[in-house]
Amino acid sequence: MSNDNHPVSPSPPTLQPSLLSDLRGLIQETRGRVAAAVNASMTLLYWRIGERINREILMGERAEYGKEIVATVAQQLSAEFGSGFSQKYLRRMVQFAEVFPDPEIVAPLARQLSWTHFIMLIPIDDQIKRDFYAEMCRMERWSRRTLRAKIDSMLYERTALSRQPEEVAKAELEALRDEDRLSPNLVFKDPYVLDFLGLQDRYLEKDMEDAILREIERFLLELGEGFAFIARQKRIIIDGEDFSIDLLFYHRRLRRLIALDLKLGRFKAAYKSQMELYLRWLAKHEAQPGEETPLGIILCAESGQEQLELLQLGQAGIHVAQYLTELPPKELLLRRLHVAIEESRARLGTGISSSLPDNEEVEGP
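So, a few notes on the structure that sits alongside this text.

**Description of unusual backbone geometry**
Moving on, step 1. In this structure, Pro191 follows Asp190 across a cis peptide bond, with omega equal to 0°.
Moving on, step 2. Its location among the elements puts Pro191 in the loop between helix H10 (184–187) and strand E1 (192–193).
Moving on, step 3. Despite not being glycine, Met154 shows a phi value in the positive range, around 55°.
Moving on, step 4. Relative to the elements of secondary structure, Met154 occurs in the loop between helix H7 (144–152) and helix H8 (155–158).
Moving on, step 5. For Met154, a relative accessible area of 2% puts it in the buried group.
Moving on, step 6. Although it is not a glycine, Asp239 adopts a positive phi angle of roughly 55°.
Moving on, step 7. Tracing the chain through its elements places Asp239 in the loop between strand E2 (227–238) and strand E3 (241–251).
Moving on, step 8. Judged by its relative accessible area of 81%, Asp239 falls in the exposed class.

Written as structure tokens, this is what we have:
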């Protein structure tokens with residue numbers, strides 16, 4: 001009869017799930033920081049190359065001899081460092097340094113935006129429009145796909161900022177760049193595209209409200225980053241009389257309550273006093289310490305520009321915008337926006353022309 005005296009192997013120690021989870025998190029976090037640092041370094045490298053070529057070879061001009069030198073430089077760099085430094089991509093780098101000439105602006109952008117982001121921004125001719133997309137992309141951390149979608153949807157042309165005089169727009173973008181301070185002009189749009197609601201030719205305000213709540217996620221996306229839904233048909237009582245705010249939101253970055261009223265027809269002057277009443281009630285009874293004054297959005301099927309101008313709604317904290325239940329052809333929408341921007345700037349005493357959306361294939365090193 002055999003007697004086995006082999007020692008029993010000890011059981012492997014039990015690992016705490018939290019330990020593995022923490023270690024995975026450390027690895028992923030470090031990888032993310034390294035990738036971000038590499039991206040920023042490469043983007044700044046492309047800017048420095050473009051700036052140096054433009055300054056020392058092209059001397060700010062497109063002389064033929066300068067192009068020949070660039071071609072020679074590209075040939076030598078490509079042979080040593082790969083196709084990412086071909087003549088085509090060196091031209092991109094020169095354009096990059098031309099449209100973003102200030103390295104103090106490029107450096108913080110490069111920490112958030114990839115080189116592909118910048119390639120999308122370079123073709124935009126209007127400096128204010130380009131700066132708008134760059135700073136909003138930085139602050140809201142848009143992916144490359146999101147940035148392309150924002151440009152294609154003509155977000156800038158639909159913002160209130162696009163209708164402001166140049167000096168006002170530049171000041172608001174500077175505050176966004178230096179202080180991360182978001183103004184209502186950067187948030188509010190006109191028109192809002194609500195084609196996803198699936199409304200038919202005839203519908204009531206309640207039908208529209210019901211459709212918005214069914215598609216609340218997509219509606220919030222159309223409103224923009226930072227909106228949070230609070231209430232539907234917010235009931236308020238003033239002098240014993242009942243009133244209802246159609247939809248109530250809160251904007252985290254603006255730190256304001258946003259009242260939204262839906263109107264089926266054309267804008268009427270009486271809507272202003274109604275919204276002012278709502279906003280004053282919200283400021284008195286709902287706003288929390290540290291919050292800014294509530295703002296209002298009135299969505300109408302059609303807005304009357306002369307009435308809006310005479311009523312000076314901006315001073316009352318009220319934004320009136322048209323909603324579109326069907327998305328028109330892009331060219332038609334673009335023409336409408338172009339005319340609206342021109343008319344608005346003309347009323348404000350500027351002669352600035354609005355630029356058209358820029359679309360270019362994205363490619364780069």
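**As for the layout of surface pockets**
Moving on, step 1. What the largest pocket holds in volume is close to 1,100 Å³.
Moving on, step 2. What lines the largest pocket is a set of 35 residues, among which Arg163, Gln164, Gln305, His319 and Ser344 lie closest to the centre.
Moving on, step 3. Broken down by element, the lining of the largest pocket gets its largest block of residues, eight residues, from helix H15 (residues 330–347).
Moving on, step 4. Classifying every residue of the lining of the largest pocket by side-chain character gives 15 nonpolar, twelve polar and eight charged.
Moving on, step 5. Taken as a whole, the second largest pocket holds about 590 Å³ of empty space.
Moving on, step 6. Lining the second largest pocket are 25 residues, and of these Lys150, Ser153, Arg158, Leu221 and Glu222 lie nearest its centre.
Moving on, step 7. Classifying every residue of the lining of the second largest pocket by side-chain character gives twelve nonpolar, three polar and ten charged.

**Overview of the packing of aromatic side chains**
Moving on, step 1. Scanning the model with the defined rule gives 13 aromatic pairs in all.
Moving on, step 2. Aromatic side chains Phe81 and Phe85 sit 6.1 Å apart centroid to centroid with 65° between the ring planes, which places their arrangement in the edge-to-face category.
Moving on, step 3. Relative accessible area serves as the criterion here: at 13%, Phe85 is assigned to the buried category.
Moving on, step 4. Relative to Phe100, the ring of Phe96 lies with its centre 5.9 Å away and its plane at 70°, an arrangement referred to as edge-to-face.
Moving on, step 5. Since its relative accessible area comes to 4%, Phe100 is described here as buried.

**Some details on the pairing of strand E6 (residues 318–324)**
Moving on, step 1. The buried count for E6 comes to six of seven residues, which makes it a mostly enclosed element.
Moving on, step 2. Direction of pairing for E1 relative to E6: parallel, over a ladder of two bridges. In the sheet register, Tyr192 faces E6, and the bridge partner there is Tyr323.
Moving on, step 3. Relative to E6, strand E5 (residues 295–300) runs parallel, the two sharing five bridges. Along E6, the bridge assignment pairs Gly296 with Ile318.
Moving on, step 4. For the crossover that starts at E5, traverses helix H14 (residues 305–311) and ends in the parallel E6, the hand is right-handed.

Rules and cut-offs
- Residues numbered from 1 in each chain as written.
- Predicted model: local features only at pLDDT ≥ 70, side-chain atom pairs only at ≥ 80, totals over all residues.
- Heavy atoms only, no water.
- Helix = DSSP H or I, 4+ residues; strand = E, 2+ residues; numbered from the N terminus.
- Buried < 20%, exposed > 50% of the residue type's maximum accessible area, 1.4 Å probe, protein only.
- 1 Å grid on protein atoms, 1.4 Å probe; cavity = no way out; pocket = protein on both sides within 12 Å on 5 of 7 lines; lining within 4 Å.
- Points joined across faces, edges and corners; volume = space filled by probe spheres on them.
- Nonpolar A, V, L, I, M, F, W, Y, C, P; charged D, E, K, R; others polar.
- Phe/Tyr/Trp six-rings, centres within 6.5 Å; stacked < 30°, edge-to-face > 60°.
- Pairing = 2+ DSSP bridges.
- Right-handed = clockwise from strand over helix to strand, strands pointing away.

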